[in-house]
Amino acid sequence: FMTMRRSIVEDFLAGRYHLSADKAVTYYKLHKENLSLIEKAQILALAIKANTEIKNFSIAEIYKDEALKLIKGSNDSIAESFVLNAVSHLLMKQDKMGEAINILTDAARNAVLQPVELRLLTLSNIAIFLKKTNPEKAKPYFEAVRRISASLNYQEFAEDVFLAFK
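Asker: Can you tell me about the packing of helix 3 (residues 37–53) against helix 4 (residues 57–71), naming the residues and giving the values?
Answerer: With their axes 8 Å apart at the nearest point, helix 3 and helix 4 run at an angle of 160 degrees to one another. In terms of their interaxial angle, helix 3 and helix 4 are classed as roughly antiparallel. In the crossing of helix 3 with helix 4, the sense of the turn from one axis to the other is left-handed. Residues L37, K40, A41, L44, A47, I48, N51 and T52 of helix 3 form the contact with helix 4, whose own contacting residues are F57, I59, A60, Y63, K64, E66, A67 and L70. Considering only residue class, the contact of helix 3 with helix 4 consists of eleven nonpolar, two polar and three charged.

Asker: Pulling in residues and values, what's your account of the packing of aromatic side chains?
Answerer: According to the stated counting rule, one finds three aromatic pairs in the structure shown. Ring centres of F12 and Y17 lie 5.0 Å apart, and the angle between their planes is 70 degrees; this geometry places the pair in the edge-to-face category. We classify F12 as buried; its relative accessible area is 16%. Relative to Y63, the ring of Y28 lies with its centre 6.1 Å away and its plane at 90 degrees, an arrangement referred to as edge-to-face. One end of the pair, Y28, is in helix 2 (residues 17–31); the other, Y63, is in helix 4, with 35 residues separating them in the sequence. The buried category is assigned to Y63, whose relative accessible area is 7%.

Asker: How would you sum up unusual backbone geometry? Please name residues and give values.
Answerer: Phi is positive for K55, close to 60 degrees, though the residue is something other than glycine. In this structure, K55 sits in the loop between helix 3 and helix 4. Overall, K55 belongs to the exposed group, its relative accessible area being 59%. You will see that D95, though not glycine, has its phi angle at about 60 degrees, which is positive. Mapped onto the fold, D95 is located in the loop between helix 5 (77–93) and helix 6 (97–111).

Asker: Which residues make up the pattern of salt bridges, and what values go with them?
Answerer: Under the defined criterion, the tally for this structure stands at ten salt bridges. A salt bridge links D11 to K23, with the nearest nitrogen and oxygen atoms 2.6 Å apart. Taken together, the residues span a long stretch of sequence, with D11 in helix 1 (residues 2–13) and K23 in helix 2 at a distance of twelve residues. The class for D11 is buried, based on a relative accessible area of 5%.

Asker: Explain the side chain of S20 to me, and be specific about the residues and the numbers.
Answerer: Take S20: it is sitting in helix 2. Classification of S20 as buried rests on a relative accessible area of 0%. Apart from residues lying up to four places away in sequence, S20 is in contact with I8, D11, F12 and A50.

How each quantity is defined
- Numbering of residues begins from 1 in every chain and follows the order in which that chain's sequence is written.
- The model is predicted, so local features are restricted to residues of pLDDT at least 70 and side-chain atom pairs to those at 80 or more, both for listing and for counting; the totals for chains, interfaces and linings are taken over all residues.
- Side-chain numbers here rest on the full set of heavy atoms in the structure, without hydrogens or water.
- Lines fitted to C-alpha atoms define the axes, with helix axes restricted to the stretch in contact, and inter-axis angles between N-to-C directions lie between 0 and 180 degrees.
- Secondary structure elements follow DSSP: runs of H or I of four or more residues count as helices, runs of E of two or more count as strands, with numbering from the N terminus.
- Note on angle classes: values under 35 degrees are labelled roughly parallel, values over 145 roughly antiparallel, values of 65 to 115 roughly perpendicular, and the remainder oblique.
- Crossings are sorted by hand: turned counterclockwise from the far helix by less than a right angle, the near helix makes the crossing left-handed, and turned clockwise it makes it right-handed.
- Whether two residues are in contact is decided by their heavy atoms, any of which lying within 4.5 Å being enough.
- Put simply, Ala, Val, Leu, Ile, Met, Phe, Trp, Tyr, Cys and Pro go in the nonpolar bin, Asp, Glu, Lys and Arg in the charged bin, and everything else, Gly too, in the polar bin.
- The criterion for an aromatic pair is that two Phe, Tyr or Trp rings (for Trp, the six-membered ring) have centres within 6.5 Å, with stacked assigned to planes under 30 degrees apart, edge-to-face to planes over 60 apart and tilted to the rest.
- Between buried and exposed lies partly exposed: a residue is buried under 20% and exposed over 50% of the maximum accessible area for its type, with that area taken using a 1.4 Å probe on protein chains only.
- Salt bridges, as used here, are contacts in which a Lys or Arg side-chain nitrogen is within 4 Å of a carboxyl oxygen on Asp or Glu.

Now the structure itself:
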């Protein structure tokens, strides 16, 4: 699982979204019976995000529905964070801003209890969302992203997020 996840993420970060999407979907279909909840959540989140980037919204929607069903009642806040952040990304790309903010609000409720990397992901998505809907309110979120990124030495991540702010 770890090797495949790394490969999917590397393809995604390199802009090879079609390859990333194909790997995530294929791996999930072949291995879902043997994956833990958190592993399923991560692979589904990657399938959603990669398909969203290539505007294959119909496939992203299929995996969104499956991912939301997976986390419903699971009480696994980390799995929930992966899924909710991916779903909010899809909804933003579809210009479904009301739904996206509802999903991000749910993700934010659990963010304080999660590893700092997942908090950073959620705060980044909120900042990007607010930049599109209320730029003035986005500034404190971008500042929080800047501080957390610096503390984690995630300079490249911060640069990517701030490109979205411009």
